[in-house]
Amino acid sequence: RWLPALRRRCDIAGKRLSGIGLAAEGRVLRAVLYVYHHRLLRHRSYLALQQVEQCLKRLWKMNLLGCIETLAELIPKKSTSQAHAECLVPSQPVLETVALKVLGGCKLILRLLDCCCKAFLLSVKHLCSEEFILLNTVASGLLSRLWFVIQYRCVLQSLMSLYGMLLTSLHLVSETQQMPYIKGFTFPSDISNFLGVNISYEVKKQKARMLTTKKPTSWLKKLFPTLPEAVSEVGKTRNSVTCMSAVNNCSVPCPVDIGEPVL
């Protein structure tokens, strides 16, 4: 009875880990870091982006997705209806290896979410101080999308539910045939206690911090003012009242210069 449920949990976790959103944001992040490597090597926003990229790199290098897919292939697709029929099930070493990687993957995703939140707040802070506007604008959008992809796709929640099913499978398989593989480590019965945080509370807290951050609207108003402000600013800087009256009396709409070019 637990084999189909375990296979379903493996399929759900595999699909959410292999989604195009997470991989696409990772590629964009690597491209941004490559472009700004020599220009902003010691900049705080750049260093924070590097921490996010390191978490993503470790998540892919641990091959969590490959282990979950291998476990799903070992589970028979068709469940027999006979009560005393025999079937092949994953062994205890396989289940222990996948369970250990799921625990490590959950810890790493928590660290990734924390790094995304800190880097986002730092980018917005530098935007408010008008530092490296282009980089911080791109970084804040990228980090918010990466954070949203992980939460919206429920990657962490699917791994936690998979671990609960893996733990049940471990107990049943070990009762049938004892083959301990990982020694010196006791698998926790509650993954929330192992992670040390309340997932729903932590996500709500990070979301509140990101949404209540001071918005960098002052420099945006300077760069892109409204039409009356732009027209008056041009009139003040150029001191040409006759030119402004000619523009206002002109029946054909003409483009309005909003001010000095921004380097």
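Here is what the cut-offs are and how they apply
- Residues numbered from 1 in each chain as written.
- Predicted model: local features only at pLDDT ≥ 70, side-chain atom pairs only at ≥ 80, totals over all residues.
- Heavy atoms only, no water.
- Axes fitted to C-alpha atoms, helices over the stretch in contact; angles between N-to-C directions.
- Helix = DSSP H or I, 4+ residues; strand = E, 2+ residues; numbered from the N terminus.
- Parallel < 35°, antiparallel > 145°, perpendicular 65-115°, else oblique.
- Left-handed = near helix turned anticlockwise from the far one by under 90°.
- Contact = heavy atoms within 4.5 Å.
- Nonpolar A, V, L, I, M, F, W, Y, C, P; charged D, E, K, R; others polar.
- pLDDT = per-residue confidence, 0-100.
- Buried < 20%, exposed > 50% of the residue type's maximum accessible area, 1.4 Å probe, protein only.
- Polar contact = N/O pair within 3.5 Å; in protein donor to acceptor, adjacent residues only side chain to side chain.
- Disulfide = S-S within 2.5 Å.
- Salt bridge = Lys/Arg side-chain N within 4 Å of Asp/Glu carboxyl O.

Enquirer: Got a minute to help me understand the packing of helix H1 (residues 2–17) against helix H7 (residues 155–176) in this structure?
Expert: To describe two helices that pack against each other, one gives the angle between their axes and the distance between the axes. Two elements in contact, H1 and H7, have axes whose closest approach is 9 Å; the angle formed by their N-to-C orientations is 150°. Comparing the axis directions of H1 and H7 gives the class roughly antiparallel. By crossing handedness, the relation of H1 to H7 is classed as left-handed. Note on element contacts: H7 touches H1 through Val155, Ser158, Leu159, Ser161, Leu162, Met165, Leu166, Ser169, Leu172 and Val173, opposite Trp2, Ala5, Leu6, Arg9, Cys10, Ile12, Ala13, Arg16 and Leu17. The residue makeup of the contact of H1 with H7, split by class, is 14 nonpolar, three polar and two charged.

Enquirer: Would you mind going over the confidence of the model for the protein chain with me for this structure?
Expert: Atomic detail in the predicted coordinates should be set aside for any region of low pLDDT. Per-residue confidence for the protein chain gives a mean pLDDT of 76, with 71% of residues at or over 70. Throughout residues 227–259 the model reports pLDDT below 50, and contacts reaching past four residues in sequence, or to other chains, amount to 15 contacts.

Enquirer: Would you mind showing me how to read the environment of Ser158 here?
Expert: As for its placement among the helices and strands, Ser158 is situated in helix H7. Take Ser158: its relative accessible area is 4%, and that puts it in the buried class. For the pair Ser158 and Ile12, spaced 146 residues apart in sequence, the C-alpha separation works out to 6.8 Å. Those residues in contact with Ser158, other than ones at most four positions away along the chain, are Ile12, Ala13 and Arg16. Polar contacts involving the side chain of Ser158 include one to the main-chain carbonyl oxygen of Val155, which spans 2.7 Å.

Enquirer: In this structure, what is going on with the state of the cysteines? I would like to understand it.
Expert: Here, disulfide denotes a covalent bond that connects the sulfur atoms of two cysteines. One pass over the full model with this rule turns up zero disulfides. Between Cys117, a free cysteine, and Cys116, which holds the nearest cysteine sulfur, the sulfur-to-sulfur gap is 8.7 Å. Look at Cys117 and you get buried, because its relative accessible area is 0%.

Enquirer: Honestly, the pattern of salt bridges in this entry has me stumped. Any pointers?
Expert: Side-chain pairs of opposite charge can arise where the charged atoms are in close proximity. A complete count under the given rule lists four salt bridges for this structure. Among the salt bridges present, the one from Lys118 reaches Asp114, with a minimum N-O distance of 3.2 Å. Of this pair, Lys118 and Asp114 both sit in helix H5 (residues 92–128), separated by four residues, roughly a single helical turn. Connected via shared salt-bridge partners are Arg111, Asp114 and Lys118.

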